[in-house]
2 protein chains.
Amino acid sequence: MTTGTIYGVGLGPGNPDLMSVKADRLLRNAKHVAFFRKAGRKGQARQIADGMFREDVIEFPMEYPVTTEIPVSDPRYNEVLSAFYKEVTDHLIALAQSGEDVVVLCEGDPFFYGSFMHIYTRVKDVVPTEVIPAITGMSGAWTATGTPITWGDDVLTVVAGTMEKDKLVEHMSATDALVVMKIGSNYDKVIDALKISGLYDAAWLVQFATMGKQTVSKLSEVTDKVTPYFSIIIVHGHGRRP
Amino acid sequence: MTTGTIYGVGLGPGNPDLMSVKADRLLRNAKHVAFFRKAGRKGQARQIADGMFREDVIEFPMEYPVTTEIPVSDPRYNEVLSAFYKEVTDHLIALAQSGEDVVVLCEGDPFFYGSFMHIYTRVKDVVPTEVIPAITGMSGAWTATGTPITWGDDVLTVVAGTMEKDKLVEHMSATDALVVMKIGSNYDKVIDALKISGLYDAAWLVQFATMGKQTVSKLSEVTDKVTPYFSIIIVHGHGRRP
């Protein structure tokens, strides 16, 4: 018997038409499909892949034991998550060792701020593992603005809204082009940092990039402070252009 | 008669299997395909798409009038390139206005340091234009290293090797994760900057990511200073991980 492979398959920014040819093929042929989700939700990754599976597919939803109930700074946060990752990877490894391939769905690109990396580090030395890169959410977002993100020698900086405000300002002030991920409940702090850095007026907010409900707005014209999970702020570079 | 559309189609990092489903479909159905290349070469983008076209495809190679013969700082560089972009976009616009769709092949992601943006800015207000995002070369490169590029709150900075050394050092010293594009003849300068920033020992060099001739090496173990066009330096972040 041959050991199966665990595939970390990037789904891209959300539109199934933007999956890679390889991801599309792996999904349509998979007998075992695993994906993260919040308890009681369908799951964003699962939603993107809707309608693509074999009829006899066996799904393995991996439900986060905690999302925002325990603060990240609390030691229990890491403890609870570590136990969770151990449990789900034990299951995935057992499947692979019984000869089955498993496709793990990953929103965006698996190695770019993804949850899959917590599985990856736990399985890669135990069973065959392959990662399929994908179009990042930020790529979907800057394409949606209709303006290139970087030109010539432009520096691109990607920051998470979860950072401290001072750090955000420091990085925003030093770059040409900017992407802010993980905005959510950090919206007010991110806006402040953008204003201090002088980037606020040039910033765009893209929500649900590449998906049916996509919205693209100048940040200064946004009235609703509640941004969804799939929201990204973009400031374009202005490098050399003939 | 309906005006045709100019599609800027991202091909991704180089492996045709990593094109998006949409890019794959557009390429296989295209009657008109345009692509940049150096005079006398087949062209990197054209090479990636080899074997995918309709039998009756009409190819339009757009040959750069200059690449490294005139320094970027010379005013003639911009003049010559501007005239070139005007000439090729006039042709693409004429095709669209005669009712034909045109696919323009773009290496990597069209809006991320791509040549397509010089076409895009000249055609987007004249004829219908659509940009198809793609997996970036850097995504292919960090996936090839077998290690995630960003975790938790990591900052990712992308710089071009063409920048001044002092600027390179400044950005390298301030980031968690790093990508260096456009290395080529800037190899020695980039190495110096990495050493000054303390990132040299942690850096990886990926050449021809996702393609058959892909190589992945610790930068400190690279002996050949001649890096090809498709080469990217990667330094991984080390953010929070349960």
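About the criteria used
- Residues numbered from 1 in each chain as written.
- Chains lettered and ligands numbered in written order.
- Predicted model: local features only at pLDDT ≥ 70, side-chain atom pairs only at ≥ 80, totals over all residues.
- Contact = placed C-beta atoms within 7 Å.
- Helix = DSSP H or I, 4+ residues; strand = E, 2+ residues; numbered from the N terminus.
- Nonpolar A, V, L, I, M, F, W, Y, C, P; charged D, E, K, R; others polar.
- Pairing = 2+ DSSP bridges.
- Core = buried A, V, L, I, M, F, W, Y, C linked by C-beta atoms within 7 Å.
- Buried ≥ 20, exposed ≤ 12 C-beta atoms within 10 Å, placed from the backbone.
- Axes fitted to C-alpha atoms, helices over the stretch in contact; angles between N-to-C directions.
- pLDDT = per-residue confidence, 0-100.
- Parallel < 35°, antiparallel > 145°, perpendicular 65-115°, else oblique.
- Left-handed = near helix turned anticlockwise from the far one by under 90°.

The next thing to look at is the interface of chain B and chain A. Facing 43 residues of chain B, the contacting portion of chain A comprises 43 residues. Among the elements that take part in the side of chain B that touches chain A, strand 6 (residues 156–160) of chain B stands out by supplying five residues, more than any other. Of the residues belonging to the side of chain B that touches chain A, the class tally is 25 nonpolar, twelve polar and six charged. Relative to strand 6 of chain B, strand 6 (residues 156–160) of chain A runs antiparallel, the two being bridged by three bridges. Its bridge partner being in strand 6 of chain B, A:Leu156 is matched across the sheet by B:Val158.

Judged by nonpolar contacts, the single largest core of 145 residues is most densely connected at A:Val104, A:Ile234, B:Val104 and B:Ile234. With near-sequence residues (within four places) excluded, A:Val104 lies in contact with A:Ile6, A:Tyr7, A:Gly8, A:Val9, A:Ala34, A:Phe35, A:Phe116 and A:Ile119.

Here we take up the sheet that holds strand 7 (residues 177–181) of chain A. Spatially, the ten strands line up as an open sheet ordered 9(A)-8(A)-10(A)-7(A)-6(A)-6(B)-7(B)-10(B)-8(B)-9(B), and their pairing is mixed. Looking at which strands have only one partner, the edges of the open sheet turn out to be strand 9 (215–218) of chain A together with strand 9 (215–218) of chain B. Shown here is a sheet whose adjacent strand axes are inclined to one another by a mean of 15°, direction ignored.

Quick look at the sheet that holds strand 2 (residues 32–38) of chain A now. Residue and element names in this part refer to chain A. Strand order in the open sheet formed by five strands is 3-2-4-1-5, with parallel pairing between adjacent strands. The open sheet has two free edges, formed respectively by strand 3 (58–64) and strand 5 (129–132), since each of these has just one partner strand. For this sheet, the mean inter-axis angle between neighbouring strands, taken without regard to orientation, is 25°. Summarising the sheet, strand 1 (residues 6–10) and strand 5 pair through four bridges and their orientation is parallel.

The share of residues in chain A with pLDDT of 70 or more is 97%, and the mean pLDDT across the chain is 93. For this predicted complex, the interface confidence reaches an ipTM of 0.95, while the overall pTM sits at 0.95.

All right, on to the packing of helix 3 (residues 75–97) of chain B against helix 4 (residues 116–123) of chain B then. Residue and element names in this part refer to chain B. One can describe the packing of helix 3 onto helix 4 by two numbers: an axis separation of 10 Å at closest approach and a directional angle of 60°. What the angle tells us is that helix 3 and helix 4 run oblique. Of the two elements, helix 3 crosses helix 4, and the hand of that crossing is right-handed. From helix 3, Tyr-85, Val-88, Thr-89, Leu-92 and Ile-93 reach across to helix 4, where they touch His-118, Ile-119, Arg-122 and Val-123.

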